[in-house]
Amino acid sequence: MASVSLPRRKNLSAQQALVWLQEMDEADSDRGEISFVQQATDTSSEESEKETEQEPNMPPRKMHRGTGKPCLSQTAKEGTVWVEEDIGVPSAVANHLCFTAKAGPTKSAKRKITSVLQSFLCLLDMGMLQTIRECTVHQARRTEPDWNLAIHELMAFISILFVRAIMCPIGAIVDCWSENFLVPVIKETMPRDRFISIMQHLRFDDKDTRAERVKTDKFAAISDIWTRFNKNCAESFTPGEHMTIDEQLFPTKVRCPFTQYIATKPDKFGIKFWISTDLETKYVCNASPYLEKDPSRQKGERLAENVVMNLMEPFLDDGRNVTTDNFFTSLSLSHRLLRRKTTLLGTVNKVRRELPQLAKDTARMYSIRAATRRWPVAVFYNMLDLAAVNAYILYKACTGWTGKRRLFLSLLAKELRWQFMQHKEILAQRQAAAAAVPGTVQTTQCQVQESCNRNRSRFTCATCQKFTCAKCRDDGHWVCKGCIV
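Note on numbering: residues in each chain are counted from 1, in written sequence order. Given that this is a predicted model, residues contribute local features only at a pLDDT of at least 70 and side-chain atom pairs are listed and counted only at 80 or more, while totals for whole chains, interfaces and linings are drawn from all residues. Just so you know, side-chain values use all the structure's heavy atoms and leave hydrogens and water out.

Attention shifts here to the pairing of strand β10 (residues 284-289). Any residue under 20% of the maximum accessible area for its type is buried, any over 50% is exposed, and the rest in between are partly exposed; the area is computed with a 1.4 Å probe on protein chains only. Going along the chain from the N terminus, every DSSP run of H or I of four or more residues is numbered as a helix, and every run of E of two or more is numbered as a strand. Counted residue by residue, β10 has 5 buried out of 6 residues, so it is predominantly covered. For two strands to count as paired, DSSP must find a minimum of two bridges between them. As paired strands, strand β9 (residues 269-278) and β10 are joined by 5 bridges and run antiparallel to one another. Across the sheet, Thr277 pairs through a bridge with Val284, a residue of β10. The hairpin turn running from β9 into β10, its antiparallel successor, is 5 residues long, and Lys282 in that turn takes a positive phi close to 70 degrees.

In structure tokens form, the structure reads like this:
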């Protein structure tokens, strides 16, 4: 009887196998024992055979440590060997990198923060406001020698920006004083013309020395203020174990050498910032602008690695983990961070040479940004947005307050303009009292004589009580120029 051979990879039921064996010649058998397992279906699982059988010429596959399961390894073009491991396997490195810092507001911030305004001033401090005031006055006096600005008026100016952000973020700022889109709080705080005057002269550095500084610093027009803001952010809050790094495109079409166009962003044009944040609270820990070529970057160093190391520098050596996207993540970056007791988590771009080659904003809400032709003003807007976010986080952490961010911004604007409004009220009361008793105060010679030639006046300065003529007082406020500085 001719022998019958079983076709390869053909699945037989038990009954079919028995028929086949009866027809098979005895010489075709090796006289071994044959056993059959009855299955519910007529087909056997081909996958189960692949799990139990292995080609004799294949090298043995590596096993997961302590699991008994095979793991795959692949080698990249530049020689890096990648091995697949189970998530959660403990290692000596993980035990060595224990988080040692205490997350949350720092001790100095907890002592200072007793109000909404104080939380904001932890980030945009009085020294920074004084610098902005001095630079603004210096710029204004180039064309208007009698122009002046007080700190509390600058704070009231900033409060208007926050009120507009939460009340009417769409449209031009000047619309807030119009009949159709009037915001009473803004009109009560400051006249429109005075607001425009401050905005026109607003500066953040000494223009006389800028030309020399810009040779080595493209960000010179606001670099000092920005650096102090970053320092205050780092000194007011200690981030937790997990941090993230990503890019931010602050929307603006202002012309400057480093305006970016990114088609995938909701707003295509803007100034790009690299930002590191605390994962749990979303507190902005550090931020730096993208200025294209950076002369301080070492030759051969990747931009992404340079950005991550600079942003994370104040927070290294404490056992943290930083999460990045595929623009930043690389094997060399993970090695550099690991040497500073910091681990890296992120997706990797498939074009990286160290990979084996195989055949995507809290600050956008209630933003104070507005149209401007000067990029330092756009950066100042972004700084105020970030400061407001951080101040909100600090205030909640230090006081246990649970209100919404919009309410916080409303309270912040109210406290920012409080001193200025008190000053205006006192002046109005004094002027009303003087006008109610006509003839009781005679005119006399101006006692200030800063901008006049012995003019006569019957009004006194609200601060020093000296008789002050119209030329020697501040525009809109009966305060002599000597007292308002």
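The rest of the description comes next.
This part takes up unusual backbone geometry. The phi angle of most residues is negative, glycine excepted, and most peptide bonds adopt the trans form. You will see that Lys282, though not glycine, has its phi angle at about 70 degrees, which is positive. With phi around 55 degrees, Lys341 is a residue other than glycine that occupies positive phi space. Position of Lys341 among the secondary structure elements: in the loop between α13 (331-338) and β12 (343-346).

Within helix α12 (residues 303-312), 8 of the 10 residues are buried, which leaves it mostly tucked inside the rest of the structure. Buried residues of α12: Ala304, Glu305, Asn306, Val307, Val308, Met309, Leu311 and Met312, and no others. Here, residues are in contact when the closest pair of their heavy atoms is within 4.5 Å. If you follow the buried residues of α12, they end up packed against β7 (242-251), β9, β10, β11 (321-324) and α13.

To continue, consider the confidence of the model for the chain. The predictor reports its confidence for every residue as pLDDT, a score running from 0 up to 100. With 75% of its residues at a pLDDT of 70 or more, the chain shows a mean pLDDT of 79. Taken as a whole, residues 1-9 scores under 50 in pLDDT and shows 13 contacts with residues more than four places along the chain or in a different chain. Taken together, the stretch residues 26-62 has pLDDT below 50 and engages in 26 contacts with residues farther than four places along the chain or on a different chain.

Further remarks concern the packing of α12 against α13. In helix packing, the relevant descriptors are the interaxial angle and the interaxial distance, both defined with respect to the helix axes. Helix axes are fitted to C-alpha atoms over the stretch in contact, other axes to C-alpha atoms as well, and angles between N-to-C directions run from 0 to 180 degrees. Across the interface, α12 lies against α13 with an axial gap of 10 Å and an inter-helix angle of 25 degrees. In terms of axis orientation, α12 runs roughly parallel to α13. The chirality of how α12 crosses α13 is right-handed. Counted together, Glu305, Val308 and Met309 of α12 and Ser332, Leu333, Arg336 and Leu337 of α13 form the full contact between these two elements. Here the residues of the contact of α12 with α13 are counted per class, giving 4 nonpolar, 1 polar and 2 charged. Angles below 35 degrees are treated as roughly parallel, those above 145 as roughly antiparallel, those between 65 and 115 as roughly perpendicular, and all remaining angles as oblique. A crossing counts as left-handed when the near helix is turned anticlockwise from the far one by less than a right angle, and as right-handed when that turn is clockwise. The residue classification treats Ala, Val, Leu, Ile, Met, Phe, Trp, Tyr, Cys and Pro as nonpolar and Asp, Glu, Lys and Arg as charged. All others, Gly included, are polar.

Classification of ring pairs uses Phe, Tyr and Trp, with its six-membered ring standing for Trp, and accepts pairs whose centres are within 6.5 Å; under 30 degrees between planes counts as stacked, over 60 as edge-to-face, and the remaining range as tilted. Under the counting rule described, the total for this entry stands at 21 aromatic pairs. Between Trp226 and Phe229, the aromatic rings sit 5.8 Å apart at their centres with planes inclined by 50 degrees, giving tilted as the arrangement. Taken together, the residues span about one helical turn, with Trp226 and Phe229 both in helix α11 (residues 223-236) at a distance of 3 residues. Here Phe229 falls in the buried class, since its relative accessible area comes to 0%. Ring geometry for Tyr395 against Phe408: centres 5.9 Å apart, planes inclined by 45 degrees, an arrangement best described as tilted. Of this pair, Tyr395 sits in helix α14 (residues 375-399) while Phe408 sits in helix α15 (residues 405-436), and the two are 13 residues apart along the sequence. A relative accessible area of 13% means that Tyr395 is categorised as buried. Taken together, the aromatic side chains of Phe219, Trp226, Phe229, Phe258, Phe273 and Trp375 make up a single cluster linked through ring pairs. Our definition puts a charge over a ring when NZ of Lys or CZ of Arg is within 6 Å of the ring centre and also within 35 degrees of the ring normal. Between Arg194 and the ring centre of Trp147, over which it is positioned, the NZ or CZ distance is 4.8 Å. The cationic tip of Lys272 hangs over the ring face of Tyr290; the distance from NZ or CZ to the ring centre is 4.6 Å.

Mapped onto the elements of the fold, His152 is located in helix α7 (residues 151-167). When residues no more than four places from it in sequence are discounted, the contact partners of His152 are Leu416, Gln419, Phe420 and His423.

The subject of this paragraph is the nonpolar core. Think of a nonpolar core as a cluster: buried Ala, Val, Leu, Ile, Met, Phe, Trp, Tyr and Cys residues, connected wherever their side-chain atoms sit within 4.5 Å. If you look at the biggest cluster of nonpolar residues, it comprises 102 residues, and the most contacted ones within it are Phe120, Phe157, Phe162 and Trp375. The leading source of residues in this core is α14, at 17 residues. Leaving out residues up to four positions away in the same chain, Phe162 has contacts with Phe120, Ile368, Leu384, Ala388, Leu409, Leu412, Ala413 and Leu416. Judged by nonpolar contacts, the second largest core, of 5 residues, contains Leu427, Cys461, Ala462 and Val479.

With that settled, the discussion passes to the environment of Asp294. For Asp294, the location among the structural elements is in the loop between β10 and α12. On a C-alpha basis, the gap between Asp294 and Asn306 in space is 9.9 Å, while along the polypeptide they are 12 residues apart.

It is worth spelling out the pattern of salt bridges at this point. One speaks of a salt bridge when a side-chain nitrogen belonging to Lys or Arg is within 4 Å of a carboxyl oxygen belonging to Asp or Glu. In the structure shown here, the tally under the stated rule is 14 salt bridges. Between Arg336 and Glu301 there is a salt bridge; the shortest N-O distance is 2.9 Å. With Arg336 in helix α13 and Glu301 in the loop between β10 and α12, this pair connects stretches of sequence that are 35 residues apart. Here Arg336 falls in the partly exposed class, since its relative accessible area comes to 25%. Given a relative accessible area of 15%, Glu301 falls into the buried group.

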